[in-house]
Amino acid sequence: AKRLEGKTIVITGASSGIGKSTAFEFARTAPKNLKLVLTARRIDTLKQITADIVAEVGEGVKVLPVQLDVSKPEEVKAFVGNLPEEYRDIDVLVNNAGLVKGLARAPEIAEEDINIMFNTNVTGLINMTQAILPIFKKRPEGGAGDIINVGSIAGREPYAGGSIYCATKAAVRSFTDALRKELIATRIRVMEIDPGQVETEFSVVRFYGDKAKADAVYEGCEPLTPDDIAEVVVFVAGRRENVVIADTLIYPSHQAGAGSLHKKS
Ligand code: NDP
Ligand code: 8X3
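This section reports on the structure supplied with the text. (Residues numbered from 1 in each chain as written. Chains lettered and ligands numbered in written order. Predicted model: local features only at pLDDT ≥ 70, side-chain atom pairs only at ≥ 80, totals over all residues. Heavy atoms only, no water.)

Points about the overall build of the chain
Of the regular secondary structure elements, the chain holds eight helices and seven strands. Taking 18 Å as the expected radius of gyration for a compact globule of 265 residues, we find that the chain reaches 18 Å, a close match to that expectation. Judged by the C-alpha coordinates and their principal axes, the chain covers about 50 × 40 × 35 Å. Buried positions account for 49% of the 265 residues belonging to the chain. Taking contacts inside the chain between residues at least 6 apart in sequence as the whole, the part at least 24 apart equals 75%. Counting every atom, the chain has about 12400 Å² of accessible surface; 51% of that belongs to carbon and sulfur. Distance between charge centroids for the chain: 4 Å, based on 33 positive and 35 negative side chains. (Helix = DSSP H or I, 4+ residues; strand = E, 2+ residues; numbered from the N terminus. Rg over C-alpha atoms; globule rule 2.2 N^0.38 Å. Buried < 20%, exposed > 50% of the residue type's maximum accessible area, 1.4 Å probe, protein only. Contact = heavy atoms within 4.5 Å. Areas by Shrake-Rupley, 256 points an atom, 1.4 Å probe, with all protein chains shown as cover. Lys, Arg positive; Asp, Glu negative; His and termini not counted. Charge placed at Lys NZ, Arg CZ, Asp CG, Glu CD.)

Brief notes about the site of ligand 2
Neighbouring ligand 2 are S152, A154, Y159, Y165 and F202. Contacts to ligand 2 include S152, whose side-chain N or O atom sits 2.5 Å from an oxygen atom. Take Y165: an N or O atom from its side chain is 2.5 Å from an oxygen atom of ligand 2. Calculation on ligand 2 without its partners gives an accessible area of 240 Å², and the protein chains cover 81% of this total. Residues belonging to the shell around ligand 2 are distributed by class as follows: four nonpolar, one polar and no charged. (Near = heavy atom within 4 Å. Polar contact = N/O pair within 3.5 Å; in protein donor to acceptor, adjacent residues only side chain to side chain. Nonpolar A, V, L, I, M, F, W, Y, C, P; charged D, E, K, R; others polar.)

Observations concerning the pairing of strand β4 (residues 92-95)
Looking along a regular strand, one sees side chains alternate from face to face of the sheet. Every second residue of β4 is oriented toward a common face, with V92 and V94 on one face and L93 and N95 on the other, all of them buried. One ladder, built from three bridges, connects strand β1 (residues 8-12) with β4; its direction is parallel. Bridge pairing in β4 places I11 opposite V94. Both β4 and strand β5 (residues 144-150) contribute to a ladder of four bridges, which runs parallel. Bridging from a neighbouring strand, V92 pairs with D146 of β5. Assessed by its sense of winding, the connection that carries the chain from β4 through helix α4 (residues 111-137) to β5 is right-handed. (Pairing = 2+ DSSP bridges. Right-handed = clockwise from strand over helix to strand, strands pointing away.)

Observations regarding the sheet that holds strand β6 (residues 187-195)
With parallel pairing, the seven strands of this open sheet are ordered in space as β3-β2-β1-β4-β5-β6-β7. Both outer strands of the open sheet, β3 (61-67) and β7 (247-250), are each paired with one neighbouring strand and no more. Across the sheet, the axes of successive neighbouring strands diverge by a mean angle of 15°, strand direction being ignored. Where strand β2 (residues 34-40) and β3 come together, seven bridges link them in parallel fashion. Note that in β3 the partner of A40 across the bridge is Q67. The sheet strands contacting helix α8 (residues 226-237) are β4, β5, β6 and β7, and the helix crosses β6 at an angle near 165°. (Axes fitted to C-alpha atoms, helices over the stretch in contact; angles between N-to-C directions.)

With respect to the site of ligand 1
Taken together, 29 residues sit near ligand 1, with S16, R41, D69, Y165 and T200 positioned nearest. Within the side chain of Y165, one N or O atom sits 2.6 Å away from an oxygen atom of ligand 1. Between ligand 1 and G196 there is a distance of 3.4 Å, counted from an oxygen atom to a backbone nitrogen or oxygen. Relative to its unbound accessible area of 880 Å², ligand 1 is 96% covered by the protein chains. Counting only elements with at least two residues in the shell around ligand 1, the list comes to α1 (17-29) and α5 (163-182).

So, unusual backbone geometry
Outside of glycine, negative phi angles account for most residues, and trans bonds account for most peptide bonds. Between A106 and the following residue, P107, the backbone shows a cis peptide bond with an omega angle of 5°. When you line up the elements, P107 lands in the loop between β4 and α4.

Quick look at the packing of aromatic side chains
The full count for this structure, using the stated rule, is one aromatic pair. Look at Y165 and F202: their rings are 5.4 Å apart centre to centre, the planes differ by 65°, and that puts the pair in the edge-to-face class. Taken together, the positions of Y165 in helix α5 and F202 in helix α6 (residues 202-206) put the pair 37 residues apart, joining distant regions of the chain. The buried category is assigned to Y165, whose relative accessible area is 7%. Exposure remark for F202: the relative accessible area of 27% places this residue in the partly exposed category. Positioned over the ring face of F235 is R239, at 3.8 Å from the centre of the ring. (Phe/Tyr/Trp six-rings, centres within 6.5 Å; stacked < 30°, edge-to-face > 60°. Lys NZ or Arg CZ within 6 Å of the ring centre and 35° of its normal.)

In structure tokens:
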């Protein structure tokens, strides 16, 4: 907790699931002196989460909700400059915003879905990283700060019906690994966290709001909770500065691959 004290942390996709849990987990771990910038498209939800965090941990954590659509390059470009001065000295960027749309197979994949997934999961993550890296690079020793990218098992093991989503997460993986090499002479840590099955709004979004279809995904399974992943995010950010948890893959006990889930009958 001491190592996180005084840090400014930006989380994308903080209105739900893993991002929201990560916000709470940072606040609980370093409740004395932390600044959290919570971003997503749903600003009202972010405001509620902000109030809930402060109600739980107190005023030691400063929380700023900011509306940001990472798939809009102009919004990302304006993001840092629009932050109040006291939130601009960012130490940790959690690139978590992401989504899947549908289970369609080529040649039936809607162009709109392809664009939403790539613009959010890939271009959005890259643009956020490029917006914040100049802040990191101003620090001594070539720069310092943490970039924590949320990938997926889907980026390692592509599956039928998930070609586009899997391709976006494979792209996250390539970008992350190349960036770590580009920044080798600095103290900037580039880390990737790859969850397996986590129950969040992920499947509701995949099935365009159809909650019954989403629930069926988790029937007979015991998925991870978003808190399980949040604990890992906060753990990697809290290591000694010379320790880089470059890569993690996190499954629930009955999962061993993208489509490899043991279902209780
Ligand atoms: P949720 O749907 O619960 O949360 C996704 C978050 O991303 C929301 O806060 C949403 O906020 C935000 N988001 C979506 N599009 C945008 C956008 N254009 N701009 C800004 N924010 C956006 O799902 P998860 O918590 O599960 O997903 C978080 C990450 O974890 C994603 O990258 C996902 O791919 C990854 N992941 C999830 C797994 C799972 O099984 N759940 C497994 C492996 C990886 P809003 O709608 O308010 O913009
Ligand atoms: C989410 C994992 O395999 O359900 O990233 O698409 S999967």
